[in-house]
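What follows is each chain in one-letter form.
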Amino acid sequence: MTHPFLDLPPLGAAHFASIEDRVARLLRTEQDVVIMQGEALLPLEGAIRGTAGPGTTALNVITGPYGQTFGNWLRDCGATVIDLAVPFHTAVTAGQIREAFAEHPAIDFVSLVHAEAATGNTNPVAEIGEVVREHGALFYLDAVASIGAEPVLPDAWGVDLCVIGAQKAMGGPAGVSAVSVSSRAWARMAANPLAPRRSYLSLLDWKERWIDGGRKALLHAPAQLEMLALEACVERIEAVGLDAVMARHAAAAAATRAGASALGGGLEPYVYEAVDAAPVATTLRAPSGVDASELVARAMESDPAVPLAAGGGALAKEMIRVNHYGVDATRGAVRASLSALGAALASKGLSVDVEGALRVAEDSWR
């Protein structure tokens, strides 16, 4: 008995390298791209541990929970960490980054999340990159949620370490991820005695044994099904065009934000300004006195497939996420989400206008 998932020929080095090349084209980068065999936390942690150490002074920008995680990793490495935390309902500005450099001129590493799907905000990376370049610091970017939903341009923005994952806006698998690495970042790793080596976290192992060897022999058996799924995902984006995929996410975000505002019942956007709102997912603030997690549970009773979730951790009581990414960046998913939220709010005795919200959402789709 055969099975199409279990009886595939081995994924060879040439095929693996060709998938890396397609990811590089997606990022429009000339930097080395390494596809790592695990979820994006693998290269996110590996890149920090490879480049940071006791001599590092890091500016760690916190606009959501992942920024907090990066600060913890940097401290584990012995780095001096300056946290720049902004409220989760907004975004950091290039001016705030510039002020941090003025106050702490020793900063030589900046860590930033592009879009925080968990909080619904997105940061102006292009403008921030200009400031980071002026000061010669290494620039580390988590673009896991933003890739496919908005432009991600490591070369143009001066990003030295750009980590992406396919499981959100790209509509692909979660089991593999990628990182683009600049020559400056490779040099920083090579000079770091604490950079992981002979380790699953090691980017240097990929550099020395894979890239420097001409990409002829893989380090270990690849995650074949996930690699093929990533290839199919990139092929699908290439077929319709990356700009079209990003436009669909932007339209879903605009329609969701406008429709939620028109729905009533006390529901309102969590991120105050539309310019700061991420196109990958829209976060909403639950009405006063209403538990967000309970509201989401009620909304999903009639349709468990609707792309809704409560905020994580301390945000569970106040935040609702509409995860309109990947296959759910559609009019249908937005309409279903608004309808389900409207029904749940009405069940709480709150006054809502579902039909009006759907009309506004449709008019706002662009």
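Cut-offs applied
Per chain, residues are indexed from 1 in the order of the written sequence. For a predicted model such as this one, the threshold for reporting local features is a pLDDT of at least 70, and the threshold for listing and counting side-chain atom pairs is 80 or more; totals across whole chains, interfaces and linings nevertheless cover every residue. Side-chain figures throughout are based on the complete set of non-hydrogen atoms in the structure, without hydrogens or water. Helix and strand assignments come from DSSP, with helices taken as H or I runs of at least 4 residues and strands as E runs of at least 2, each series counted from the N terminus. In a helix, the anticipated span is given by 1.5 Å times the number of residues less one. Whether two residues are in contact is decided by their heavy atoms, any of which lying within 4.5 Å being enough. Criterion for a disulfide: a pair of cysteine sulfur atoms at a distance within 2.5 Å. Burial classes follow relative accessibility: with a 1.4 Å probe on protein chains only, a residue under 20% of its type's maximum area counts as buried, one over 50% as exposed, and anything between as partly exposed. The rule is short: rings of Phe, Tyr and Trp, with Trp giving its six-membered ring, pair when the centres are within 6.5 Å, and they are stacked under 30 degrees, edge-to-face over 60, tilted in between. To sit over a ring, a charge needs its Lys NZ or Arg CZ within 6 Å of the ring centre and within 35 degrees of the ring normal. Here, any two strands with at least 2 DSSP bridges between them count as paired. Here, axes are lines fitted to C-alpha atoms. For helices the fit covers the stretch in contact, and angles between N-to-C directions go from 0 to 180 degrees. Each crossing gets its handedness from the near helix: less than a right angle anticlockwise from the far helix is left-handed, clockwise is right-handed. Here the nonpolar group is Ala, Val, Leu, Ile, Met, Phe, Trp, Tyr, Cys and Pro; Asp, Glu, Lys and Arg are the charged ones; every other residue, Gly included, is treated as polar. Salt bridges are counted wherever a side-chain nitrogen of Lys or Arg sits within 4 Å of a carboxyl oxygen of Asp or Glu.

Engineer: Lay out helix α3 (residues 65-76) with the relevant residues and their values.
Structural biologist: Between the first and last C-alpha of α3 there are 17 Å, a value that for twelve residues agrees with the 16 Å anticipated at 1.5 Å per step. On its buried face, α3 sits against α2 (41-51), β2 (57-62), β3 (80-85), β4 (109-113), β5 (115-116) and β7 (138-142). Of the residues flanking the end of α3, it is Gly 78, one or two places downstream, whose phi is positive at about 95°.

Engineer: Could you give an account of the state of the cysteines, naming the residues involved and the relevant values?
Structural biologist: Tallied over the full model, the rule gives zero disulfides. Looking at Cys 162, it has no disulfide partner, and the nearest cysteine sulfur is the one in Cys 233, 15 Å off. Relative accessible area serves as the criterion here: at 3%, Cys 233 is assigned to the buried category.

Engineer: Provide a residue-level description of the packing of aromatic side chains, including the pertinent values.
Structural biologist: In this description, a pair of aromatic rings is defined by centroid distance and the angle of the planes. On inspection of all chains with the given rule, the structure shows six aromatic pairs. Where Phe 16 meets Trp 210, the ring centres are 5.4 Å apart and the plane angle is 80°; that geometry is what we call edge-to-face. Linking Phe 16 in helix α1 (residues 13-27) with Trp 210 in helix α8 (residues 203-211), this pair joins segments that are 194 residues apart in sequence. By the burial criterion, Phe 16 is buried, and Trp 210 matches it. By the ring-pair criterion, three or more aromatic residues cluster together here, those being Phe 70, Trp 73, Phe 109 and Tyr 140. The ring of Trp 186 has Lys 207 sitting right over it, with the charged end atom 5.8 Å from the ring centre.

Engineer: Explain the sheet that holds strand β13 (residues 319-322) residue by residue, including any values.
Structural biologist: Taken in spatial order, the four strands of this open sheet run β10-β11-β13-β12, and their pairing is antiparallel. Only two strands of the sheet have a single neighbouring strand rather than two, namely β10 (268-269) and β12 (308-310). Strand direction decides the pairing type here: strand β11 (residues 282-285) and β13, joined by four bridges, are antiparallel. Looking at β13, one finds that Thr 282 is bridged to Val 322. Strands in contact with helix α11 (residues 292-299) are β12 and β13; relative to β12, the strand with the most contacts, it is inclined by about 155°. Along the sheet, helix α12 (residues 331-347) contacts β11, β12 and β13; its crossing angle with β12, the most-contacted strand, is approximately 50°.

Engineer: For the packing of α11 against α12, give the residues involved together with the corresponding values.
Structural biologist: Packing of α11 against α12 leaves a shortest axis separation of 8 Å and a crossing angle of 115°. As for the relative orientation of α11 and α12, their crossing is right-handed in sense. Touching Leu 295, Arg 298 and Ala 299 of α11 are Ala 340, Leu 341, Ala 344, Leu 345 and Ser 347, all from α12. Split into classes, the residues belonging to the contact of α11 with α12 amount to six nonpolar, one polar and one charged.

Engineer: Would you mind going over the pattern of salt bridges in detail, with residue names and values included?
Structural biologist: The tally for this structure, following the rule as stated, stands at 19 salt bridges. The salt bridge involving Arg 98 is made with Glu 134; its shortest N-O contact spans 2.7 Å. Of this pair, Arg 98 sits in helix α4 (residues 94-103) while Glu 134 is found in helix α5 (residues 125-135), placing the two residues 36 residues apart along the sequence. Among the ionic pairs, Asp 160 bridges to Arg 184, the shortest N-O distance being 2.8 Å. Here Arg 184 lies in helix α7 (residues 183-190) and Asp 160 lies in the loop between α6 (154-157) and β8 (161-165), a separation of 24 residues in the sequence. It is possible to trace a salt-bridge network through shared partners that takes in Arg 22, Glu 231, Glu 235 and Glu 238.

Just geometry here; none of it tells us what the structure is for.
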